[in-house]
Amino acid sequence: MWIYEKRLQYPVRVDTTNPTLAAMIIEQFGGADGELSAGIRYLSQRWSMPTGKTKALLTDIGTEELAHWEMIGTLVYKLTKDATIDQIKGTPFEAHYVNHGKGVYPHDAAGVPWIAAYIGVKGDPVADLYEDMAAEEKARATYEWLINISDDPGVTDTLRFLRQREIVHFQRFGEALRMVQEHNESKKYY
Amino acid sequence: MDREQMNLLVEIMEENFVVLETALYLDTHPYDEAALRLHNSSSQRYHQLVDMYESRYGPLRNTSMSGHPWAYIDEPWPWDINFANL
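Small disclaimer: the values here were computed from a predicted structure and weren't measured. (Residues numbered from 1 in each chain as written. Chains lettered and ligands numbered in written order. Predicted model: local features only at pLDDT ≥ 70, side-chain atom pairs only at ≥ 80, totals over all residues.)

A look at the overall build of chain B
- Each helix and strand in chain B was counted, giving two helices and zero strands.
- Relative to the compact-globule value of 12 Å for 86 residues, chain B shows a C-alpha radius of gyration of 15 Å, a clear excess of over 25%.
- Among the 86 residues that make up chain B, the fraction classed as buried is 14%.
- Look at the contacts in chain B between residues 6 or more apart in sequence, and 45% of them connect residues 24 or more apart. (Helix = DSSP H or I, 4+ residues; strand = E, 2+ residues; numbered from the N terminus. Rg over C-alpha atoms; globule rule 2.2 N^0.38 Å. Buried ≥ 20, exposed ≤ 12 C-beta atoms within 10 Å, placed from the backbone. Contact = placed C-beta atoms within 7 Å.)

As C-alpha cells, then:
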C-alpha cells in the first residue's frame, strides 16, 4: 500500500532555465544508478528479507527513493519548462525534445531508456544488501559529478541534499547487513 | 501560493524530514529511547501541522476530508510551486 502526499520531500528550487543541465540531471531520473533504479531495487528486494528490521528498512528507504525521483523529475521540469526552441536547439536536450517534447521520460544522460537490468534481486539478503550499499555509493558519486557541472545555485542545493541522503542510506544498509550476518550466525548449531 | 501557505508547507517538509530520518534510524536501532522520543514528539508535531494545513488549504492526501468542491485537485501541484523566494 502506498499513500501520496501532495508535496515534495525538499523545496526544489531552480534559478535559471537550462536545458543542457536538465539533459545531464536526467541521469538520476532514468539512469542505472538513479532514483528510479534505487526505489524499484529496494522495494523488489523486500520479499526475500529475513527480519522485521530489514523489511522495514527496505520499505522506508525504497519509499524515500520515489520521493527523490519526484524531486529529480521536478528539477528537469523546472530547468526546461520556460525554454524557447532557440534555447533548446544545439543543446544535448534537443535529442530528448524531438522524441518527448518537454515530457520527463526515464532515460539516462545519453538517452538510453531505463531497464530493470540495472537492478539486482538475488533472493539472498547478504548479496542484496551489498548491492544496495554499492548502489548508494554509485549514486553519491553521480551526484558529485552533477554538482561539479551545475552552475545553478538552486539546483546545486537540491543535489547536495540528495547526495547527503545517499550517505545516510549507505550507513543504514551497512547496519542492516551486519544484523543479517548476525542473524545467519545465530541459526548455526554445531 | 502565498507566502503564508508556502511557509507552512516548508515547515511540514522540515518536520517530516525529522520523522523520516528517525524512522530509518529506529529501523536498525529499535531500542534507542532518545531517538524514539524525538521520533514521537516530531510525529505529533508533524500531524498537527498537516491538520492545520489541510483545514486551511485543502487535502495533502486523497484520504483527507475536503470542503466543497473537492480541493485535492487545486493547483499548484508540488512541481509547480516556486520556492525561489524562500
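Let us keep going from here.
A few points about the overall build of chain A
- Along its length, chain A carries eight helices and zero strands.
- Principal axes of the C-alpha set define a box for chain A whose edges measure 75 × 30 × 30 Å.
- In chain A, buried positions account for 41% of the 190 residues.
- Long-range contacts, defined here as pairs at least 24 residues apart, represent 78% of the contacts in chain A between residues at least 6 apart.

Remarks on the packing of helix α3 (residues 35–45) of chain A against helix α4 (residues 52–80) of chain A
All names here are of chain A.
- Closest axis-to-axis distance for the α3/α4 pair is 8 Å, and the angle between their directions is 160°. Overall, the two elements α3 and α4 adopt an arrangement that is roughly antiparallel. Crossing angle aside, the handedness with which α3 passes α4 is left-handed. Each of Glu-35, Leu-36, Ala-38, Gly-39, Tyr-42, Leu-43 and Gln-45 in α3 lies in contact with α4, whose residues at this interface are Leu-58, Ile-61, Gly-62, Glu-65, Leu-66, His-68, Trp-69 and Ile-72.
- For the contact of α3 with α4, the class distribution of residues is nine nonpolar, four polar and two charged. (Axes fitted to C-alpha atoms, helices over the stretch in contact; angles between N-to-C directions. Parallel < 35°, antiparallel > 145°, perpendicular 65-115°, else oblique. Left-handed = near helix turned anticlockwise from the far one by under 90°. Nonpolar A, V, L, I, M, F, W, Y, C, P; charged D, E, K, R; others polar.)

Considerations on the nonpolar core
- Ala-22, Ile-25, Ile-26, Met-71, Ile-72, Leu-75 and Val-76 of chain A are the most contacted members of the largest nonpolar core, which totals 39 residues.
- Put simply, the parts of the chain that give this core at least two residues each are α1 (19–25), α3, α4, α7 (125–149) and α8 (153–186) of chain A together with α1 (3–28) of chain B.
- In terms of residue count, the dominant contributor to this core is α4 of chain A (nine residues).
- Sequence-distant contacts of Leu-75 of chain A, that is, excluding residues within four places in its chain, are made with Val-12, Val-14, Ile-25, Val-155 and Thr-158 of chain A. (Core = buried A, V, L, I, M, F, W, Y, C linked by C-beta atoms within 7 Å.)

A few points about helix α2 (residues 33–57) of chain B
All names here are of chain B.
- Helix length check: α2, at 25 residues, gives a terminal C-alpha distance of 36 Å against a target of 36 Å (1.5 Å per residue), a fit within 8%.
- Restricting attention to buried positions, one finds in α2 the residues Ser-42, Tyr-46 and Val-50.
- Downstream of α2 by a residue or two, Gly-58 has a phi angle that is positive, lying close to 105°. (Expected span 1.5 Å × (residues − 1).)

Quick look at the environment of Glu-21 of chain B
Residue and element names in this part refer to chain B.
- When you line up the elements, Glu-21 lands in helix α1.
- Here Glu-21 falls in the partly exposed class, since 17 other C-beta atoms lie within 10 Å of it.
- Glu-21 sits 14 residues away from Asn-7 along the chain, and the two C-alpha atoms are 21 Å apart.

Brief notes about the packing of α4 of chain A against α1 of chain B
- For the pair α4 of chain A and α1 of chain B, the least separation of the axes is 8 Å and the interaxial angle reads 155°. The angle between α4 of chain A and α1 of chain B falls in the class roughly antiparallel. Of the two elements, α4 of chain A crosses α1 of chain B, and the hand of that crossing is left-handed. Where α4 of chain A approaches α1 of chain B, its residues Lys-53, Ala-56, Leu-57, Asp-60, Ile-61 and Glu-64 of chain A are matched on the opposing element by Leu-20, Ala-23, Leu-24, Asp-27 and Thr-28 of chain B.
- For the contact of α4 of chain A with α1 of chain B, the class distribution of residues is six nonpolar, one polar and four charged.

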